[in-house]
Amino acid sequence: MDHARLTEFLERQLPAALDLLRRMVEINSWTLNRAGVNAVGRVTAEAFAPLGFTAEFVASANPEFGDHLVLTRGPADAPALALVSHLDTVFPPEEEARNGFRWQPEGDRIFGPGTHDIKGGTVMMWLVLLALREFAPDTFAATRWELFLNSSEELLSPDFGELCRSRFTPRTLAALVFEAEGKLAGGRRLVRCRKGRATWRLTASGRGSHAGVKHGHGANAIVQLAKTLERAAALTDYGQALTVNPGVIRGGGGLNRVPHEAVAEGELRAFDPAVYTAGKAALLALAGPGEVRSPVDGYACSVAAEILAESRPWPVNPGTDRLLATFRSAGAELGQVIDGEARGGLSDGNFLWEVLPTIDGLGPAGDNDHCSERSADGSKLPEYCEVSSFVPKAALNAVAILRLLSPGIAG
């Protein structure tokens, strides 16, 4: 592939790509804004239709969420690649309005909801496929392209992973996830592993009583929960990259009552599957009799522990590292430095890596995902993507994908 011509082509397509991004960003697609998520899905389907993609909207398991989008083209029995993105963002419309968070170009940065996470990644997919159709038309036509866009990635609904896995075949070579790239001085970082996450609940049960008349008869569930939470938080072990974070706490029914119940919820994360499993076991072992008792008759509090939902870790693995090597090789061809990184956040890759070689971080550069605030002194900036990252990253993705589809070249 002629790299100079590839770059020139991508530069010519960039205004159209950014216009597509603007159209997506101007639609609020907070996960619970079902209509907005579906509107972004329609815009996405319309954008890929001229490339020959057929759209299928698949209802989410949760009726409060929008429809997942599957875009396909190419022979059903051909070698296939799965390209993965999502339609939703984390920002309710009220938050966007309150913070004046909208499409806003400033120099090389474009601020706005989803510019970086992940509407910019969807536009990157579009750019890459345009380039492949232009410069490798035979390969483009002979490949089965399967684009999967999750309607509820920010809430990690597991049915999307099930949908993807149900469409993979023995001829599906890899899953390419278009979350944003990582920062690297003079280069780019792609994601080779991610932490797993378990959300949990601790419930302390005590005995209520009148706080003034019969205080000693009570067994204070809030006090018990506080003691238990200290032990939960102490499970954090940075040396093993294990974190246990209490995030929400509630309890009691009034200042004049000894509370009979208190509840806390939080999350646990780890990269290593063994560490993750051991951390969950230690958290669940906090259940049982409590030490807070009524001084009158010794009635004791008790603690219940449960796992609410989980996404298992995506650890370092040979399949991902083979893909990383291909992207490094493509980067060397283009004069780009490519490295891998471990990322603490989750993506759809957590649901895919065990069944298919998977790599992440194929979207554009930028920063401040999940932030809508801007301070006058610049110490807080909202989410943005970097315009200058689109063309070189699209070139990298195109060259690497051709290597994946042409083992003789990749080898």
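Counting restarts for each chain, with residues numbered from 1 along the sequence as it is written. With the structure being a predicted model, the display of local features is reserved for residues of pLDDT at least 70 and the display and counting of side-chain atom pairs for 80 or more, all residues being used for whole-chain, interface and lining totals. With hydrogens and water stripped out, all remaining heavy atoms of the structure feed into the side-chain values.

What follows deals with the overall build of the protein chain. Helix numbering and strand numbering both begin at the N terminus, where a helix is a DSSP run of H or I of at least 4 residues and a strand a DSSP run of E of at least 2. For the protein chain, the helix and strand inventory stands at 11 helices and 20 strands. Two residues qualify as a contact provided that any one of their heavy atoms is within 4.5 Å of a heavy atom in the partner residue. When contacts within the protein chain are restricted to residue pairs at least 6 apart in sequence, those whose partners lie at least 24 apart make up 78%. Per-residue accessibility takes into account occlusion by the displayed protein chains alone, with areas from the Shrake-Rupley method and a 1.4 Å probe. Total accessible area computed for the protein chain in this model is approximately 17000 Å², and 53% of it derives from carbon and sulfur atoms. Where the 41 positive side-chain charges of the protein chain centre and where its 49 negative ones centre are 3 Å apart. Charged residues are defined narrowly, with Lys and Arg counted positive, Asp and Glu counted negative, and His plus the chain ends left uncounted. We put the charge of a Lys on NZ, of an Arg on CZ, of an Asp on CG and of a Glu on CD.

Moving on to the packing of helix 1 (residues 3-25) against helix 4 (residues 119-135). In this description, a line fitted to the C-alpha atoms serves as the axis of each element, helices being fitted only across the stretch in contact, and the angle between N-to-C directions of two axes falls anywhere from 0 to 180 degrees. As a packed pair, helix 1 and helix 4 sit with axes 9 Å apart at the nearest point and diverge in direction by 145°. The crossing of helix 1 and helix 4 is right-handed. Between helix 1 and helix 4, the contacting residues are R5, L6, F9, L10, Q13, A16, A17, L20, L21, M24 and V25 on the first element and K119, G120, T122, V123, W126, L127, L130, A131, E134 and F135 on the second. Here the nonpolar group is Ala, Val, Leu, Ile, Met, Phe, Trp, Tyr, Cys and Pro; Asp, Glu, Lys and Arg are the charged ones; every other residue, Gly included, is treated as polar. Here the residues of the contact of helix 1 with helix 4 are counted per class, giving 15 nonpolar, three polar and three charged. Crossings are sorted by hand: turned counterclockwise from the far helix by less than a right angle, the near helix makes the crossing left-handed, and turned clockwise it makes it right-handed.

Looking now at the layout of surface pockets. Definitions used throughout: a 1 Å grid over protein atoms alone; a cavity as a set of points that fits a 1.4 Å probe which cannot get out; a pocket as an open set with protein on both sides within 12 Å along at least five of seven lines; a lining residue as one with an atom within 4 Å of a point. Grid points are joined across faces, edges and corners, and a volume is the space filled by probe spheres set on the points. Space inside the largest pocket adds up to approximately 510 Å³. Contributing to the lining of the largest pocket are 22 residues, with D117, R194, G345, L346 and H370 lying nearest its centre. If you list the elements that add at least two residues to the lining of the largest pocket, you get strand 8 (182-184) and strand 19 (366-367). In terms of residue class, the lining of the largest pocket is made up of four nonpolar, six polar and 12 charged.

Let us now look at the sheet that holds strand 17 (residues 337-343). We call two strands paired when DSSP finds no fewer than two bridges between them. Taken in spatial order, the three strands line up as 8-9-17 in an open sheet, and their pairing is mixed. Edge positions in the open sheet fall to strand 8 and strand 17, since each of these has one partner strand only. Shown here is a sheet whose adjacent strand axes are inclined to one another by a mean of 40°, direction ignored. Of the strand pairs in this sheet, strand 8 and strand 9 (residues 187-194) are connected by three bridges, and their pairing is antiparallel. The residue bridging L184 from the neighbouring strand is G187, located in strand 9. Along the sheet, helix 9 (residues 318-334) contacts strand 9 and strand 17; its crossing angle with strand 17, the most-contacted strand, is approximately 150°.

Another point: the packing of aromatic side chains. The rule is short: rings of Phe, Tyr and Trp, with Trp giving its six-membered ring, pair when the centres are within 6.5 Å, and they are stacked under 30 degrees, edge-to-face over 60, tilted in between. Applying the stated rule across the entire model yields six aromatic pairs. Both rings, one in F9 and one in F135, keep their centres 5.5 Å apart while their planes meet at 85°; by these two values the pair is edge-to-face. Of this pair, F9 sits in helix 1 while F135 sits in helix 4, and the two are 126 residues apart along the sequence. Relative accessibility thresholds used throughout: buried, under 20% of the residue-type maximum; exposed, over 50%; partly exposed, between the two (1.4 Å probe, protein chains only). On the basis of relative accessibility, which here comes to 7%, the residue F9 falls in the buried class. Looking at R109, its charged tip hangs above the ring of Y384, at a distance of 4.3 Å from the centre. Put simply, a charge is over a ring when the Lys NZ or the Arg CZ is close to the ring centre, within 6 Å, and near the line of the ring normal, within 35 degrees. For R374, the ring lying beneath its charged end belongs to F111, and the centroid distance is 4.4 Å.

For the rest of this paragraph, the subject is the environment of E333. Residue placement: E333 occurs in helix 9. Its relative accessible area of 33% is what places E333 among the partly exposed residues. Counting along the chain gives 91 residues from E333 to L242, while the straight-line C-alpha distance between them is 38 Å. Residue contacts for E333: discarding those within four places in its chain leaves H3, V399 and R403. In protein, a polar contact requires one atom able to donate a hydrogen and another able to accept it; more generally it is a pair of N or O atoms within 3.5 Å, and residues adjacent in sequence count only if both atoms are side-chain atoms. Looking at E333, its side chain comes within polar contact range of the side chain of H3, at 2.7 Å.

Strands sit in the order 1-2-6-3-7-18 across an open sheet of six strands; the sheet is mixed. Looking along the sheet, the strands with just one partner apiece sit at the ends: strand 1 (54-58) and strand 18 (358-359). Looking at chain direction, strand 7 (residues 172-177) and strand 18 are connected through two bridges and run parallel. Of the residues in strand 18, the one forming a bridge with L176 is I359. Packing against the sheet, helix 4 makes contact with strand 3 (80-86) and strand 6 (144-150), and its axis sits at approximately 150° to strand 3.

Multiplying 1.5 Å by the residue count of a helix minus one yields the expected span of that helix. Spanning 12 residues, helix 8 (residues 273-284) covers 17 Å between terminal C-alpha atoms, matching the ideal 16 Å at 1.5 Å per step. Among the residues making up helix 8, those that are buried are V275, Y276, G279, K280 and L283. Angular distribution of buried residues about the axis of helix 8 spans 135°; they occupy a single face of the element. In this structure, the buried residues of helix 8 make contact with strand 10 (196-205), helix 7 (221-233), strand 12 (243-251), strand 14 (261-270) and strand 16 (300-311). Among the residues of helix 8, the N-terminal cap falls to D272, whose side-chain oxygen and the backbone nitrogen of A274 are separated by 2.8 Å. The directions considered for the arc are those from the helix axis to the C-beta atoms.

Looking now at the pairing of strand 3. It is a general feature of regular strands that their side chains alternate between the two faces of the sheet. In terms of burial, strand 3 is largely enclosed, as seven of its seven residues are buried. Of the two faces of strand 3, the one lined by A80, A82, V84 and H86 and the one lined by L81, L83 and S85 are each fully buried. For strand 3 and strand 6, the ladder comprises seven bridges, and the chain directions are parallel. Considered in strand 6, the bridge of L83 is made with L147. Note: strand 3 against strand 7, four bridges, orientation parallel. Opposite A82, over in strand 7, you have A175 as the bridge partner.

The linkage connecting D117 with the following residue, I118, adopts the cis geometry, with an omega of 10°. The backbone of N368 sits at a positive phi, close to 65°, despite the residue not being glycine. Tracing the backbone through its elements, the reader meets N368 in the loop between strand 19 and strand 20 (384-386). We note that H370 has phi near 70°; this positive angle belongs to a residue other than glycine. Mapped onto the secondary structure, H370 falls in the loop between strand 19 and strand 20.

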